[in-house]
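# Per-entry structural report
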Amino acid sequence: EDGAGYSARLADGTKAWPGFEDSAVPPDRLGAYLSELRSLLDQHNMQAISYGHYGEGCIHLRISFGLEQTGGAERYEHFMSDAADLVVRHGGSLSGEHGDGRSRGSLLERQFSPEMREAFATFRSLWDPAGTLNPGIIVDPPSITDDLRITTPTVLQLAPAQAFSGDDGDFRSAVDRCIGVGRCVSTQGSTLMCPSFRATRDEQNSTRGRARLLQEMVAGSLANDGWGSAEVRDALDLCLACRGCVSQCPTSVDMASYKSEFLDHHYRRRLRPPSHYSLGWLPLWLKLSSRLPRLVNLITRSRLTGGLFARLAGIAPSRGIPPIAHRTFTRDWRRRNHLGTAPHGQVVLWPDTFNNHLTPDVAHDAVRVLEAAGFEAIVPGRAVCCGLTWHTTGQLGMAKRVLKRSLGAVELAGNEPVLVLEPSCATMLRSDLPELLPDDPRAISLSRRVTTLAELLDGIEYVAPPSPPDTRPAIAQPHCHQQSVLGLDADRRVCERNGIEISKELEGCCGLAGNFGAEAGHEEIAQRVAELELVPALEADPDAPLLADGFSCRTQIESLSGKRARHLAEVLAERLSPGDG
Ligand code: SF4
Ligand code: SF4
């Protein structure tokens, strides 16, 4: 099935379609058939990607019919008729493995004699005289162009706020990536895609279910609601924006970006849910709170006021609000003695919201490791932010403003690598920033320089002092954006080189996924997603140390087990003696 997904686009990005995707000829005719088929494609000025069961003479083919262009349906019909004649001439069948269905039924007159088709009709009418069972299949089929969904014009004003560069800026093309193969509704194999489907077993909560609704929306067939569609909003509500689909869907459906785009349009001139104002604006609230951290902690963490605060902010009451640090990382950084030049040069440490305001020890440990490894850390003198929380909640105008402001930091103007400790912020800067500000060369430069700690240390083959001999193998919960976008190869190499033994590397999402699990109404799904993999792993080895670079993964682990998971920076810094770094 994956072959259908991988061949949905030609190498140059042109869409390739099914239609003539299952022809078969006797194996000894295959060579001649393929060569004539190739000529036929050339004649029609079409290209194709093929895969299939060559030994049996069955060829799966996806063809650039150009259905989305003017005259596409006619071109399709013309080619299909010629190709049907070709396969019949070689003694083959229009469908070798699958069925003819509605899409090829009307071509059967080229393959079967009138007597044979009459026999099909007689047989069918004996068993189904009223014609209620799957009408239009084989007997009395519609024309092959009758049900071509793609010929429906786009009636919705699209004008996306993101570049959708992989789809030439076309949101419809992006959502049309889903061809329905259904790897996202499989419960076998990796658990990364799609956690909401795995937790609910409901098609509406799968990548495919959401893509189908978005396809209907852009084609204008969801009543007249367009971007205002409540059905689409509800279907997207349980998408964790984990990005599992980007890496695991064979056609790279990127539902997290589609969700951001939809929410951006949906809530224009509409009141948003409270969590969009609280969690969506989190960097700003944390910045303001850092002036009176003790008072804020008192209010948000007391039983009485904390519950009220959570309700007003649209935060799940069971979640609890994490304490903010009494001193931010950047505040301490300004008072610190700085290392002079270092053998591996300078690295800009991006003080992300989470590690600056909530877990500054992670950033301090990262600086120690950087310096022990021979880097000089520099930190932007002005507040910077990747805009993640605005992006996730579909406030794309604000995300762009925040990013533009951050790009003005002088420390980012050079060519140094930019170390981002929080994986979701690194993903935002590496892959979403160029999609939000495609015309800003500073954005493109920054996106290319973003590095994770593991990537940076892997580049110099860093080896930390050995760990204490009794260190137990750890359970690793990589952030889902690490798994799907950033990759884990460097992390694995750094762990191996430094003797950090991983007993289990979890594949799925922890269930919290940034703001998702913190929002009121998502508690149950967040818990069910955690129970897919994380909870069983924690229960199977309750004493194992835990490794998690993502703030939300660490938060989820702590709320599930009461245990504190550590960032790679903390694990490596622990090896250093007080004078190092
Ligand atoms: S979203 Fe699901 S059904 Fe659609 S192409 Fe990807 S894996 Fe297949
Ligand atoms: S982002 Fe995650 S939850 Fe959303 S559709 Fe993709 S795999 Fe499913």
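Residues numbered from 1 in each chain as written. Chains lettered and ligands numbered in written order. Predicted model: local features only at pLDDT ≥ 70, side-chain atom pairs only at ≥ 80, totals over all residues. Heavy atoms only, no water.

### Notes on the pairing of strand 3 (residues 58-63)
The two faces of a sheet get side chains in turn, since along a regular strand they alternate between them. Taken across its 6 residues, strand 3 has 6 buried, putting it largely inside the fold. On strand 3, burial covers both faces: C58, H60 and R62 on one face and I59, L61 and I63 on the other are all buried. Direction of pairing for strand 1 (residues 23-24) relative to strand 3: antiparallel, over a ladder of 2 bridges. Within strand 3, the position partnered with S23 by the bridge is I59. Hairpin connection of strand 2 (residues 48-53) to strand 3: 4 residues between the antiparallel strands, including G57 at a positive phi of 80°. (Buried < 20%, exposed > 50% of the residue type's maximum accessible area, 1.4 Å probe, protein only. Helix = DSSP H or I, 4+ residues; strand = E, 2+ residues; numbered from the N terminus. Pairing = 2+ DSSP bridges.)

### Points about the site of ligand 1
Residues in close proximity to ligand 1 total 13 residues, the closest being C178, G182, R183, C184 and C249. Considered class by class, the residues forming the shell around ligand 1 number 7 nonpolar, 4 polar and 2 charged. (Near = heavy atom within 4 Å. Nonpolar A, V, L, I, M, F, W, Y, C, P; charged D, E, K, R; others polar.)

### Details of the sheet that holds strand 8 (residues 474-476)
Taken in spatial order, the 3 strands make up an open sheet running 9-8-10, and their pairing is parallel. Across the chains shown, the open sheet's two edge strands, defined by having one partner strand only, are strand 9 (502-505) and strand 10 (546-547).

### A look at the sheet that holds strand 3
Within the open sheet, the 3 strands sit side by side as 1-3-2. Their pairing is antiparallel. Looking at strand neighbours, the two that pair on one side only are strand 1 and strand 2, the edges of this open sheet. Summarising the sheet, strand 2 and strand 3 pair through 6 bridges and their orientation is antiparallel. Bridging from a neighbouring strand, A48 pairs with I63 of strand 3.

### Overview of the environment of L86
Counting through the fold element by element, L86 comes out in helix 3 (residues 72-89). Given a relative accessible area of 2%, L86 falls into the buried group. In the structure, L86 is positioned 334 residues away from V420 in sequence and 57 Å away in space, judged by C-alpha atoms. Excluding residues that lie within four positions of it along the chain, L86 makes contacts with Y33, E36, L37 and L40. (Contact = heavy atoms within 4.5 Å.)

### Comments concerning the packing of helix 8 (residues 207-219) against helix 11 (residues 255-266)
Packing of helix 8 against helix 11 brings their axes to within 11 Å, and their N-to-C directions diverge by 40°. Considering their axes alone, helix 8 and helix 11 lie oblique with respect to each other. Like other packed secondary-structure pairs, helix 8 and helix 11 cross with a definite hand, here left-handed. Counting all contacts with helix 8, which are made through T207, R210, A211, L214 and M217, the residues of helix 11 involved are M255, Y258 and F262. (Axes fitted to C-alpha atoms, helices over the stretch in contact; angles between N-to-C directions. Parallel < 35°, antiparallel > 145°, perpendicular 65-115°, else oblique. Left-handed = near helix turned anticlockwise from the far one by under 90°.)

### A word on the domain arrangement of the chain
The domains assigned to the chain are domain 1 (2-149), domain 2 (152-271) and domain 3 (474-573). Distance between the C-alpha centres of domain 1 and domain 3: 47 Å. (Domains from an automatic or database assignment.)

### A short note on a nonpolar patch on the surface
Residues L292, L295, L298, I299 and F309 make up a contiguous nonpolar surface patch of about 480 Å² in total accessible area. The element that contributes the greatest number of residues to the nonpolar patch is helix 14 (residues 293-301), accounting for 3 residues. (Patch = residues over 30% accessible without salt bridge, like charges linked within 9 Å, V, L, I, M, F, W, Y side chains within 5 Å. Areas by Shrake-Rupley, 256 points an atom, 1.4 Å probe, with all protein chains shown as cover. Salt bridge = Lys/Arg side-chain N within 4 Å of Asp/Glu carboxyl O.)

### Quick look at the environment of I378
Within the element layout of this structure, I378 appears in strand 5 (residues 376-378). Looking at I378, the relative accessible area reads 17%, which means it is buried. As a C-alpha pair, I378 and M398 span 20 residues in sequence and 27 Å in three-dimensional space. Those residues in contact with I378 that lie beyond four places of it in its chain are W333, Q346, V347, V348 and L349.

### Quick notes on helix 18 (residues 360-373)
For helix 18, spanning 14 residues, the distance from its first C-alpha to its last is 20 Å, which sits close to the expected 20 Å at 1.5 Å a residue. Of all 14 residues making up helix 18, 10 are buried, and the element is well covered by its neighbours. Those residues of helix 18 that sit buried are P360, V362, A363, D365, A366, V367, V369, L370, E371 and A373. Note on helix 18: the residue one or two positions beyond its end, G374, has a positive phi of about 100°. (Expected span 1.5 Å × (residues − 1).)

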